[in-house]
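Below, each chain spelled out in residue letters.
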Amino acid sequence: MTTKNKILVVAAHPDDEILGCGGTMAKHADRGDDVHILFLSSGVGARDNAPSIDLNEKTLRCQAAEAAANAVAAQPPRFANFPDNQMDSVPLLEIVRTIETAVSEISPNIIYTHHGDDLNVDHQRVCEATLTACRPLPGSTVERIYAFEVLSSTEWATPSSSRAFIPSRFVEVTVQMDKKRAALTCYGAEMRPPPHARSMEAVEAQAKLRGATAGVSYAEAFVTVREIWKDQ
């Protein structure tokens, strides 16, 4: 009998999770795993001169995140309220404690989060905080941590051998691509027309490239941050 996994996706902003691992989330759900999502920021920048508009945008973004989660059969997402694109101004410990709370309540064995060298500073901060919150202490439920790529952030970072996203894990999502597309449609306000990197066409091309790398039609790629095979 296959053991049921508990998945926690820790993302900086709503839409990162679907761009990075939407197909994989759907694949986990299709296999009977519990899929949970934690967003650390709404992804909507503050506008001091128009707080009511900003509040409305946050509401709409959260609603889009809930619809996207439903599209890939994930649990309703959790939301923190750290400042968008300013998470480097927040003490790391505050972010860590927020993630620790979610980990304590969910007890996940698999974590998906950002690549630590993305261009976006929030992505960098979330990765650092996730690794801190999920350090391999005795009794930790976390056995696997994988970093995903986010179009318009991962590939836009300054390239170097030490910072590059070099995937070592490929998950076929051929069957789940329609669910990923449907989830991204929920984020229509965040998507852009081609040739922008965050366009539906670019998402399709990336999935085909990662699939071709692995010998399948469509795939999502991950850096393996940590894998622990424990005695049962």
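Note: the structure precedes this text.
Everything quoted here is computed from the prediction, not taken from an experiment.

Let's talk about the sheet that holds strand β3 (residues 78-79)
Ordered by their spatial adjacency, 7 strands build an open sheet running β3-β2-β1-β4-β5-β7-β6, and the pairing between neighbours is mixed. The open sheet has two free edges, formed respectively by β3 and β6 (169-172), since each of these has just one partner strand. Pairing geometry for strand β1 (residues 6-11) and strand β2 (residues 34-39), over 6 bridges, is parallel. When the sheet's bridge partners are listed, I7 is paired in β2 with V35. Lying on the sheet, helix α6 (residues 200-214) is in contact with β6 and β7 (219-227); it crosses β7 at an angle near 65°.

Comments concerning the nonpolar core
The nonpolar side chains of a soluble globular protein tend to be buried, and buried together. Judged by nonpolar contacts, the single largest core of 36 residues is most densely connected at M25 and Y112. Broken down by secondary-structure element, the contributors of at least two residues to this core are β1, α1 (16-30), β2, α2 (51-71), β4 (110-114), β5 (144-148), α5 (177-186) and α6. Leave out the neighbours within four places in its chain, and Y112 touches I7, L8, V9, V10, C21, T24, H28, Y146, F148 and F222. Counting 22 residues, the second-largest nonpolar core is a separate cluster that includes V90, A102, A133 and C134.

Some remarks on the packing of aromatic side chains
Aromatic rings considered in pairs are described by the distance between their centres and by the relative angle of their planes. Per the counting criterion, the structure on display carries 3 aromatic pairs. For the pair Y112 and F222, a centre-to-centre distance of 5.2 Å together with 55° between the ring planes defines the contact as tilted. In this pair, Y112 sits in strand β4 while F222 sits in strand β7, placing the two residues 110 residues apart along the sequence. With relative accessibility at 0%, the residue F222 sits in the buried group. Members of the aromatic cluster, each reached through a chain of ring pairs, are Y112, Y146 and F222. Above the face of the Y218 ring, R181 is positioned so that its terminal group lies 5.6 Å from the ring centre.

Here we look at α6
If you check α6, its first and last C-alpha atoms are 21 Å apart, about what 15 residues at 1.5 Å a residue would give, namely 21 Å. Buried within α6 are the following residues: A202, V203, E204, Q206, A207, R210 and G211. For α6, the elements touching its buried residues are α1, β6, α5 and β7. Looking at the residues trailing α6, positive phi occurs at G215, about 80°.

Details of the pattern of salt bridges
Going through the model one piece at a time under the given rule, you end up with 12 salt bridges. Note that R61 and D15 form a salt bridge whose closest N and O atoms lie 3.6 Å from each other. Of the two residues, R61 sits in helix α2 while D15 sits in the loop between β1 and α1, which places them 46 residues apart along the sequence. Accessibility assignment for this pair places R61 and D15 in one class, buried. Measuring nitrogen to oxygen at the nearest pair gives 3.9 Å for the salt bridge that ties R163 to D117. Here R163 is found in the loop between β5 and β6, whereas its partner D117 is found in the loop between β4 and α4 (121-133), with 46 residues between them in sequence. You can call R163 partly exposed: its relative accessible area is 30%. Linked by salt bridges that have partners in common, D15, R61 and E190 make up one network.

About the cut-offs
Residues numbered from 1 in each chain as written. Predicted model: local features only at pLDDT ≥ 70, side-chain atom pairs only at ≥ 80, totals over all residues. Heavy atoms only, no water. Pairing = 2+ DSSP bridges. Helix = DSSP H or I, 4+ residues; strand = E, 2+ residues; numbered from the N terminus. Contact = heavy atoms within 4.5 Å. Axes fitted to C-alpha atoms, helices over the stretch in contact; angles between N-to-C directions. Core = buried A, V, L, I, M, F, W, Y, C linked by side-chain atoms within 4.5 Å. Buried < 20%, exposed > 50% of the residue type's maximum accessible area, 1.4 Å probe, protein only. Phe/Tyr/Trp six-rings, centres within 6.5 Å; stacked < 30°, edge-to-face > 60°. Lys NZ or Arg CZ within 6 Å of the ring centre and 35° of its normal. Expected span 1.5 Å × (residues − 1). Salt bridge = Lys/Arg side-chain N within 4 Å of Asp/Glu carboxyl O.

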